[in-house]
Amino acid sequence: AGFIKSPLSQKRLTQDSIELYCEAIGSPIPEIQWWFEGNEPNETYAQLWDGARQDRVKINATYNLHSTSTIHIANLTSDDSGMYECRASNDPDRNHLSKSPKVKWIRSQANVFVIERPDIKAEVSGVAGKLVLTCNMTEPYPAIEGHEWMHGDKTLKTDTESSAFTSYTIEGKMEEHSGVYECVYKTSPVIKGQVTISVPPQVMAYKKSEHGNEGDTGVLTCKNPSFPPVDSWVWYKNGQQVSAPIVNGSGRYIIMSSGNKTVLRILKLNIEEDAGDYHCNATNSYGFGGATVNLRVRSRLAALWPFLGIVAEVLILVTIIFIYEKRRKPDEVLDGKRCLGKSNATNHKDKNVRQRNAN
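Residues numbered from 1 in each chain as written. Predicted model: local features only at pLDDT ≥ 70, side-chain atom pairs only at ≥ 80, totals over all residues. Heavy atoms only, no water.

A. Seen up close, the overall build of the protein chain. Helix and strand content of the protein chain: three helices and 24 strands. Per-residue burial over the protein chain gives 32% buried out of 359 residues. Long-range pairs, those at least 24 residues apart, make up 60% of the contacts in the protein chain between residues at least 6 apart in sequence. Summed over all atoms, the accessible surface of the protein chain reaches about 22,700 Å², with 54% contributed by carbon and sulfur. (Helix = DSSP H or I, 4+ residues; strand = E, 2+ residues; numbered from the N terminus. Buried < 20%, exposed > 50% of the residue type's maximum accessible area, 1.4 Å probe, protein only. Contact = heavy atoms within 4.5 Å. Areas by Shrake-Rupley, 256 points an atom, 1.4 Å probe, with all protein chains shown as cover.)

Right, dumping it as structure tokens:
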């Protein structure tokens, strides 16, 4: 048995790609082949192989317990429209040039329609503090059942209008909303256009002020959230001229830049040499931008000062208490003796008075 695990009829646009998947089950394990018949009247089936059609055809097959095969066709043209056939057979004579195989080829088919891609004119304009994105699709085009506006994975707007023209309005400046926007036409197949808002790099420091201890590694980071991505990053220190940028790998500097992010690492921080302002400058095809990061380097003992201050306060407090107690105890003893003597004198006086009265 053999079958194609893909829709039996598929529509694609020129320049798109398509993939068909076929499975075959049998004992012994059958071989899978791919064949194609075009839409021309006199065109007959021809076998497809990996690398056919100027290397636009890729075929992958596995034979383990059962047979599986996938055909992928890239950058479709109108000539790729037609019937694609998956054939499977496990007869030993299946590929013999003169013998007819005893077991016939099992076949499964899928019809592919490649439609000429309509042209979409995309524009962006700024009007009174607003950005207006527009798409206009030229004829001929399939029936339109609505539109969507997308920014990445986020849906910004959707409607059910059948017009070839669609627009989306953004409040704000271009620098705040740069990126790639898609206008999606709900057709069969779906047709998409792109509107790009491009600006010079809008560089931001991850932290405007960084702190590091002497001897540790300082890490300074800058990023660019705007579009298009940065082509090159350059770091400077304390307002150095363009002729003297920080070179990656020189001295104690390590620079790691990838697209819209750059990181400067300074090994074994030194208070006298490394403290100050660092500038990260970015350049793309629309201009350049930069940001400043201030680096403060603290002594390695700086973290101990609060602890030492607390210890000193405790020692002073204990000393004051000890001195106070030392000076107060003799006074208390003397006061006790005086009180005791006065009490005895009073008792003796009372005793004498009683004796005289008794006499």
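B. Main features of unusual backbone geometry. Note that the residue after Ser188, namely Pro189, is joined by a cis bond; omega there is 0°. In this fold, Pro189 is placed in the loop between strand 15 (179-185) and strand 16 (191-197). Residues Phe227 and Pro228 are joined by a peptide bond in cis, for which omega reads 5°. If you trace the backbone, Pro228 turns up in the loop between strand 19 (218-223) and strand 20 (232-237). Positive phi is not limited to glycine here, since Arg53 has a value of about 55°. Secondary-structure assignment places Arg53 in helix 1 (residues 52-55).

C. Representation of the state of the cysteines in the model. Per the stated rule, a full pass over the model turns up three disulfides. Put simply, Cys135 and Cys183 are joined by a disulfide, and their sulfur atoms are 2.1 Å apart. Where Cys135 bonds to Cys183 through sulfur, the torsion about that S-S bond is close to -85°, and the disulfide is left-handed. A residue pair is termed long-range when its members are at least 10 positions apart, and Cys135 in strand 11 (residues 130-137) and Cys183 in strand 15 qualify at 48 residues. Overall, Cys183 belongs to the buried group, its relative accessible area being 1%. The side chain of Cys222 participates in a disulfide bridge whose partner is Cys280; the two sulfur atoms lie 1.9 Å from each other. (Disulfide = S-S within 2.5 Å.)

D. The arrangement of the pattern of salt bridges in detail. If you walk through the whole model with that rule in mind, you get eleven salt bridges. Here Lys58 ties to Asp55 by a salt bridge, and the two come within 2.9 Å at their closest N and O atoms. The partly exposed category is assigned to Asp55, whose relative accessible area is 46%. As a salt-bridge pair, Glu273 and Arg252 come within 3.2 Å of each other at their nearest N and O atoms. Residue Glu273 is located in helix 2 (residues 271-274), and its partner Arg252 is located in the loop between strand 20 and strand 21 (253-258); the two are separated by 21 residues in the primary sequence. The class for Arg252 is partly exposed, based on a relative accessible area of 23%. (Salt bridge = Lys/Arg side-chain N within 4 Å of Asp/Glu carboxyl O.)

E. Highlighting the sheet that holds strand 8 (residues 82-89). In space, the five strands of this open sheet follow the order 2-9-8-4-5, with mixed pairing throughout. Since the sheet does not close on itself, it has two edges, and those belong to strand 2 (9-13) and strand 5 (46-48), each with one partner. Across the sheet, the mean angle from the axis of one strand to that of its neighbour is 30°, orientation sign disregarded. Relative to strand 9 (residues 106-115), strand 2 runs parallel, the two being bridged by five bridges. Paired with Leu13 across the two strands is Ile115, which belongs to strand 9. (Pairing = 2+ DSSP bridges. Axes fitted to C-alpha atoms, helices over the stretch in contact; angles between N-to-C directions.)

F. Fine view of a nonpolar patch on the surface. Together, Phe307, Leu308, Val311 and Leu315 make up a nonpolar patch on the protein surface, roughly 380 Å² of accessible area in all. Turning to its location among the elements, Leu315 is positioned in helix 3 (residues 304-358). The exposure class assigned to Leu315 is exposed, which follows from its relative accessible area of 55%. (Patch = residues over 30% accessible without salt bridge, like charges linked within 9 Å, V, L, I, M, F, W, Y side chains within 5 Å.)

G. Representation of the sheet that holds strand 11 within the structure. What the three strands build is an open sheet, ordered 10-11-14; its pairing is antiparallel. Pairing within the sheet leaves two strands with one partner each, and these edge strands are strand 10 (120-127) and strand 14 (165-171). Strand-to-strand twist across the sheet, computed as the mean angle between neighbouring axes with direction ignored, equals 15°. For strand 10 and strand 11, the ladder comprises eight bridges, and the chain directions are antiparallel. The residue of strand 11 that forms the bridge with Glu123 is Thr134.

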